[in-house]
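Single-letter residue listing:
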Amino acid sequence: MNPYQIDTKDINEYFISLDRMYPKAYNKKRTGPYTKCRVILMNGTEYESVWFMHQFARHCDNDEILEALSIVRKQEQQQQKRIACLKPINESILETTISYEQLAVDLTACLAKYETDPNNKKALDFALLEDFDHLYRFSNLLMIDKGVDAKELVGGFTEITPGRPTIAEHRYPTQDLKSHMNGKKAKLYSKLVAGTITAAEQQTMNYYMNIAQWYKNDLGRKLYGEIAMIEEEHVSQYESLKDPNMTWLEQWVLHEYNECYLYYSAMESETDANIKRIWQEHYEMECAHLKIASALLEKYERKTYKDVVGNGEFPILLNLGENKEYVRDVLKNTVTNNTLSKKYLDICDMPKNSVYFKYQNMVVNEETTPSHQVIKTSINLLGKDYRYEDSPNPVKDLQNRKKDNVNIARKC
């Protein structure tokens, strides 16, 4: 599929009425987990697009480009509001959070399985185990606070068991920065991977940053606050993979192309007929936006879209689904890894004077760290932690359901 070959209307015909901006929400009990994940992903994709265009506008002094940005940005805003309201009123903060973390796990795994760029793949596999652990922590909070079994929310497609312990994930800021790709040499799929995962993790970070203060008890507020800080690390890691040497117009073309790719992928795999129609409508809109950005690139920089996205044909589509074996394999082989500057290495190979250990001593306390407290509370109330596993955790040191491990990837 090539979005440049899609027939589109005049851009001014794509504005959405307020009535259509408020769609019928999905049914939280009957809707499949990956439909919920797609809603979160496309919401985050639109958020990224809107804020990219605001930043572009703040660095631009060309009236034609500014006017185009304002029109496209307004339509992206309307798309974002429409998608956000697909979430039903009766879905709780924590229930939505489980979908956020299921998306983080399965999106990361889906992207990593087909990634051939070793720098991108290492980054995906590294953060995968941290989001996997977040799913476990939030699922325990859901059980002790609401008595709700998170297995039902993830549909049994994603296991819920410890990953790299969240307490070990607190790193000195510079340790999250990685080498960026060369946009002229990188494969199109790798560019889309970096753009997609950055938008998704940014959406999660923003959700936790803004929802923490609305949670109804101190433990939950603290947990959201802690994990929001890890999501900030993930955003820093993923955005550093993108090529900063691309011009603003080149980046705009890539943003619009990425949206086309994700909407088409969502449309192809969607099972909810009502939401599928929305993906179809938004896909056509994005194709129109892509053509505008590409025309401006050609006019002002004498480059064609082929300089950014090749011939325009989509690479392998994104199809969210079960990744249990992939996650288990990464967990078994890399759970003790941490990061030192632009490298990933086993915690036992970390220099004793590393800034990681200094930062850990400043920030975390084994007795009071919220992610650890949630599991301790769960064990005290339930007799053991909450899990959904097809078989015991592949890491022996994470199999004990009556004691939370706070040493893996943190102490040798």
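In what follows, the structure referred to is the one given above.
Residues numbered from 1 in each chain as written. Predicted model: local features only at pLDDT ≥ 70, side-chain atom pairs only at ≥ 80, totals over all residues. Heavy atoms only, no water.

Colleague: Help me get a handle on the pairing of strand S1 (residues 337–340), residues and values and all.
Modeller: As paired strands, S1 and strand S2 (residues 343–346) are joined by four bridges and run antiparallel to one another. Bridge assignment links Asn338 to a residue of S2, and that residue is Leu345. The hairpin turn running from S1 into S2, its antiparallel successor, is two residues long, and Ser341 in that turn takes a positive phi close to 55°. (Pairing = 2+ DSSP bridges. Helix = DSSP H or I, 4+ residues; strand = E, 2+ residues; numbered from the N terminus.)

Colleague: Requested: an account of the environment of Lys9, with residues and values cited.
Modeller: Within the element layout of this structure, Lys9 appears in the segment before helix H1 (18–21). In this structure Lys9 comes out as partly exposed when scored by relative accessible area, which is 41%. Separated by 212 residues in sequence, Lys9 and Arg221 have C-alpha atoms that sit 47 Å apart. (Buried < 20%, exposed > 50% of the residue type's maximum accessible area, 1.4 Å probe, protein only.)

Colleague: Mind laying out the environment of Ile144, listing which residues take part and the relevant values?
Modeller: Position of Ile144 among the secondary structure elements: in helix H5 (residues 118–146). The exposure class of Ile144 is buried, given its relative accessible area of 19%. In the structure, Ile144 is positioned 241 residues away from Asp385 in sequence and 9.8 Å away in space, judged by C-alpha atoms. With sequence-adjacent residues up to four places away left out, Ile144 is seen in contact with Leu219, Val374, Thr377, Ser378, Leu381 and Leu382. (Contact = heavy atoms within 4.5 Å.)

Colleague: Give a description of helix H7 (residues 188–211) that names residues and reports values.
Modeller: Here H7 contains 24 residues, and its C-alpha end-to-end distance of 35 Å stays within 8% of the 34 Å for a straight helix at 1.5 Å per residue. In terms of residue burial, H7 counts as a mostly covered element, since 22 of its 24 residues are buried. (Expected span 1.5 Å × (residues − 1).)

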